[in-house]
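# A closer look at the structure
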Amino acid sequence: MKLYNTLSREKEDFKPLKGKEVSVYYCGMTLQESPHIGHIRAALTSDILHRYLKYLGYEVNLIVNFTDIDDKVIVKAEEEGKDYREIAAYFENEYRDVIGRLNILEPAFYPRATQHIEEIIKLVQKLEKKKFAYQKDGDVFFSVRKFKDYGKLSGKKVKDLRSGSRIKVNKNKEDPLDFVLWKKAKPSEPAWFSPWGKGRPGWHIECSAMANYYLGDTIDIHGGGSDLIFPHHENEIAQSETATGKPFAKFWVHNEMLNIKGEKMSKSLLNFVPIRDLLGEFDPNVVRLYILQAHYRNPIDYNTEMLKQAASGWEKIVNFLNISKGAGGKLFSNLIEDFEGKMNEDLGTPGAVALAFDIVNEGLKADKKEIGSFRETLSFILGNLGFDFGKEKQELSPAIEEIVRLRNDLRDEGDYGTADRIRAVLEKSGIFIQDNSQGSIWRLK
RNA sequence: GGCGGCAUAGCCAAGUGGAAAGGCAACGGUCUGCAAAACCGUUAUCCCCCGGUUCGAAUCCGGGUGCCGCCUCCA
């Protein structure tokens, strides 16, 4: 498989450091607000990577973190008049709820920053000992200029950075580029005891500490949204590589942003659509289709029209699966190879999705002998892309089938009025009936 | 100002040197008690612009233009 590596800005052949094991660290979200579709795009990207690595036979050790303590969480807690832990737990639950509904595979762990304060403190001490960190008034900073590789991920040069041009620089910093590792707490703020007094971790340090704790000094893949490249991931590299003296991650994978009306969807711009709201309107498979139809490294523009288009497309797939229900057959190995060909090329989900539609089209034209094979092949591909279409409530089947039979008796007798009313009533309860010359088929909607 | 990404039909989107995939939408037709589905046909002489390389370029090279992201918390 080829994967685009932000570090080299090239697609590279993916090979794990160690045999068949792959360690993946993904930056999850800061628990300060409801997850929106942009977060979900990142989560779906990690899910596709996770699933496809497994598909290729790798044993994937995936860690997705939650940042449950930082300035924004504290601000949110103050606004709401609640403890920061309550805020963090609330949004974590919401995140995990929608992730589950979207059929995103669980990582091995979802560690939280506050569970690793000890590791964080040790890491900061290590940096201090190596003279890459300094303390001032209870704050601890990382000396960016001492890390000679600084900028290697984002392609930035230290001299070109316009630090402080848009925000005030903390006066305790020796250099505006330096970033905080440990932050002194104000009396009212949540705090932990440390060698530097009471305080809390800075934003970037928790990821370095947790990645190291769970996955070791060098990990195979580190991922996240492209907006994290700088400064977050750049700073993680600086901290981790200074501490261990080894490369932090071999591959850096970043998904592009999801925009709304040409602007990035984000909390600060107040233009975000909570995924929970969206799932009230659209099937999770539709959301997945919408996201996967675009390549993860291309920006997507969000609007309802595009989701409606995805919904129509999903209908087409579901319709075929319903028409071919019960038919079985062997997988078409050439189509599976096509699927792998698309996915091996930097997770080419748009191509894989297009292939799925090709299969639907072929399947609709296929004769009875082959339709099952198209169905099986399609299911196989969709399943490996994380679509979840197996939830047919079969226990309803006998009752529904009897009603459908009775209704068809009415149709045979020419009582179309009653038959149409039954169809309308059933549709209201989510049972969708299609009539044709051979009889009727039904499915849950 | 620096760094990165993108530019293909009404919309979304593949293709990366040899006759422009696919989805949605639209229109016409077939089938159908009706609805839905399905089927057939139509919808980019052309891939942001200008040069160049080549027998041949949407695909490679050079130069522009536009949009987006990052340089500040952000997936």
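A brief look at the structure comes next. Model, not experiment: these values are computed from the prediction.

Next up on the list: the overall build of chain A. For chain A, the helix and strand inventory stands at 14 helices and 15 strands. When the backbone C-alpha atoms are referred to their principal axes, chain A occupies close to 90 × 50 × 35 Å. Taking all 445 residues of chain A together, the buried fraction comes to 53%. For chain A, long-range pairs separated by at least 24 residues make up 76% of all intrachain contacts whose partners lie at least 6 apart in sequence. When the accessible area of chain A is evaluated, it comes to approximately 21,400 Å², of which 49% is carbon and sulfur surface. When the 66 basic and 67 acidic side-chain charges of chain A are each reduced to a single mean position, those positions are 5 Å apart.

Along the chain, phenylalanine 230 connects to proline 231 via a cis peptide bond; the corresponding omega equals 0 degrees. Following the sequence through the fold, proline 231 ends up in helix α6 (residues 229-244). For asparagine 103, which is not glycine, the phi dihedral falls at a positive 60 degrees. Considering the arrangement of structural elements, one finds asparagine 103 in the loop between α3 (84-101) and α4 (117-129).

So, about the packing of helix α13 (residues 397-412) against helix α14 (residues 416-428). Where α13 meets α14, the closest approach of the two axes is 8 Å, and the angle between their N-to-C directions is 155 degrees. The angle between the axes of α13 and α14 places the two elements in the roughly antiparallel class. Crossing geometry of α13 relative to α14 is assigned as left-handed. Along its contact with α13, which presents Ile403, Arg407, Leu410 and Arg411, the element α14 presents Tyr416, Thr418, Ala419, Asp420, Ile422, Arg423 and Leu426. Residues that form the contact of α13 with α14 fall into these classes: six nonpolar, one polar and four charged.

Now for the environment of leucine 385. Here leucine 385 shows up in the loop between α12 (368-384) and α13. Among the residues examined, leucine 385 registers a relative accessible area of 0% and is labelled buried. Leaving out residues up to four positions away in the same chain, leucine 385 has contacts with Ile48, Arg51, Arg288, Leu292, Phe339, Met343, Thr349 and Ala352.

Quick look at the pattern of salt bridges now. Within this structure, the stated rule accounts for 29 salt bridges. With a shortest N-O distance of 2.9 Å, aspartate 83 and arginine 85 are connected by a salt bridge. Residue aspartate 83 is classed as partly exposed on the basis of its relative accessible area of 32%. Look at arginine 85 and you get exposed, because its relative accessible area is 54%. We note a salt bridge from aspartate 435 to arginine 411, for which the minimum N-O separation is 3.5 Å. Taken as a pair, aspartate 435 in strand β14 (residues 431-436) and arginine 411 in helix α13 lie far apart in primary sequence, 24 residues in all. Of the residues examined, aspartate 435 reaches a relative accessible area of 27% and is grouped as partly exposed.

Take the packing of aromatic side chains next. Applying the stated rule across the entire model yields 22 aromatic pairs. A centroid spacing of 5.2 Å and a plane angle of 20 degrees characterise the contact between tryptophan 314 and phenylalanine 387, whose relative ring orientation is stacked. With tryptophan 314 in helix α9 (residues 304-323) and phenylalanine 387 in the loop between α12 and α13, the pair connects residues that are 73 residues apart, well separated along the chain. By the burial criterion, tryptophan 314 is buried, and phenylalanine 387 matches it. Plain terms: the ring middles of phenylalanine 332 and phenylalanine 374 are 4.6 Å apart, the flat faces sit at 45 degrees to each other, and that makes the pair tilted. Note that phenylalanine 332 is positioned in the loop between α9 and α10 (333-344) and phenylalanine 374 in helix α12, a separation of 42 residues in sequence. Counting every residue linked through ring pairs, the aromatic cluster contains Tyr52, Tyr55, Phe339 and Phe380. The positively charged end of lysine 156 is found above the aromatic ring belonging to phenylalanine 230, 5.3 Å away from the centroid. Residue placement shows arginine 297 over the ring face of tyrosine 4; its charged tip is 3.9 Å from the ring centre.

Running from amino to carboxyl end, α10 crosses helix α11 (residues 349-365) at an angle of 160 degrees, the nearest separation of the two axes being 7 Å. In terms of orientation, α10 lies roughly antiparallel with respect to α11. Handedness of the crossing formed by α10 with α11: right-handed. Counting all contacts with α10, which are made through Leu335, Asp338, Phe339, Lys342 and Met343, the residues of α11 involved are Thr349, Gly351, Ala352, Leu355 and Ile359. Its residues assigned to classes, the contact of α10 with α11 comprises six nonpolar, two polar and two charged.

With that out of the way, let us pick up the pairing of strand β5 (residues 133-136). With four bridges joining them, β5 and strand β6 (residues 139-142) adopt antiparallel strand pairing. Pairing of glutamine 135 across the sheet is with valine 140, part of β6. As consecutive antiparallel partners, β5 and β6 are separated by two residues, and within that stretch aspartate 137 has a phi angle of approximately 55 degrees, a positive value.

This part takes up the environment of leucine 105. Checked against the element boundaries, leucine 105 lands in the loop between α3 and α4. Take leucine 105: its relative accessible area is 26%, and that puts it in the partly exposed class. Ignoring sequence-local partners within four residues, the contact set of leucine 105 consists of Asp47, His50, Arg51 and Lys54.

Looking now at the nonpolar core. As a rule of thumb, soluble globular proteins bury nonpolar side chains together. By size, the foremost hydrophobic cluster in this structure holds 126 residues, and its most contacted members are Leu3, Leu53, Ile221 and Tyr302. Element by element, the count of residues in this core is highest for helix α1 (residues 37-55), at eight residues. Shared between two domains, this core holds at least three residues of each, these being domain 1 (15-264) and domain 2 (282-384). The contact partners of leucine 3, leaving out residues within four places of it in the chain, are Glu10, Lys11, Glu12, Phe14, Leu49, Ile221, Phe251, Val253, Tyr296, Asp346 and Leu347. Among the nonpolar cores identified, the runner-up in size contains six residues, and Val404, Leu426, Ile433 and Trp442 belong to it.

Definitions and limits used
Residues numbered from 1 in each chain as written. Chains lettered and ligands numbered in written order. Predicted model: local features only at pLDDT ≥ 70, side-chain atom pairs only at ≥ 80, totals over all residues. Heavy atoms only, no water. Helix = DSSP H or I, 4+ residues; strand = E, 2+ residues; numbered from the N terminus. Buried < 20%, exposed > 50% of the residue type's maximum accessible area, 1.4 Å probe, protein only. Contact = heavy atoms within 4.5 Å. Areas by Shrake-Rupley, 256 points an atom, 1.4 Å probe, with all protein chains shown as cover. Lys, Arg positive; Asp, Glu negative; His and termini not counted. Charge placed at Lys NZ, Arg CZ, Asp CG, Glu CD. Axes fitted to C-alpha atoms, helices over the stretch in contact; angles between N-to-C directions. Parallel < 35°, antiparallel > 145°, perpendicular 65-115°, else oblique. Left-handed = near helix turned anticlockwise from the far one by under 90°. Nonpolar A, V, L, I, M, F, W, Y, C, P; charged D, E, K, R; others polar. Salt bridge = Lys/Arg side-chain N within 4 Å of Asp/Glu carboxyl O. Phe/Tyr/Trp six-rings, centres within 6.5 Å; stacked < 30°, edge-to-face > 60°. Lys NZ or Arg CZ within 6 Å of the ring centre and 35° of its normal. Pairing = 2+ DSSP bridges. Core = buried A, V, L, I, M, F, W, Y, C linked by side-chain atoms within 4.5 Å. Domains from an automatic or database assignment.

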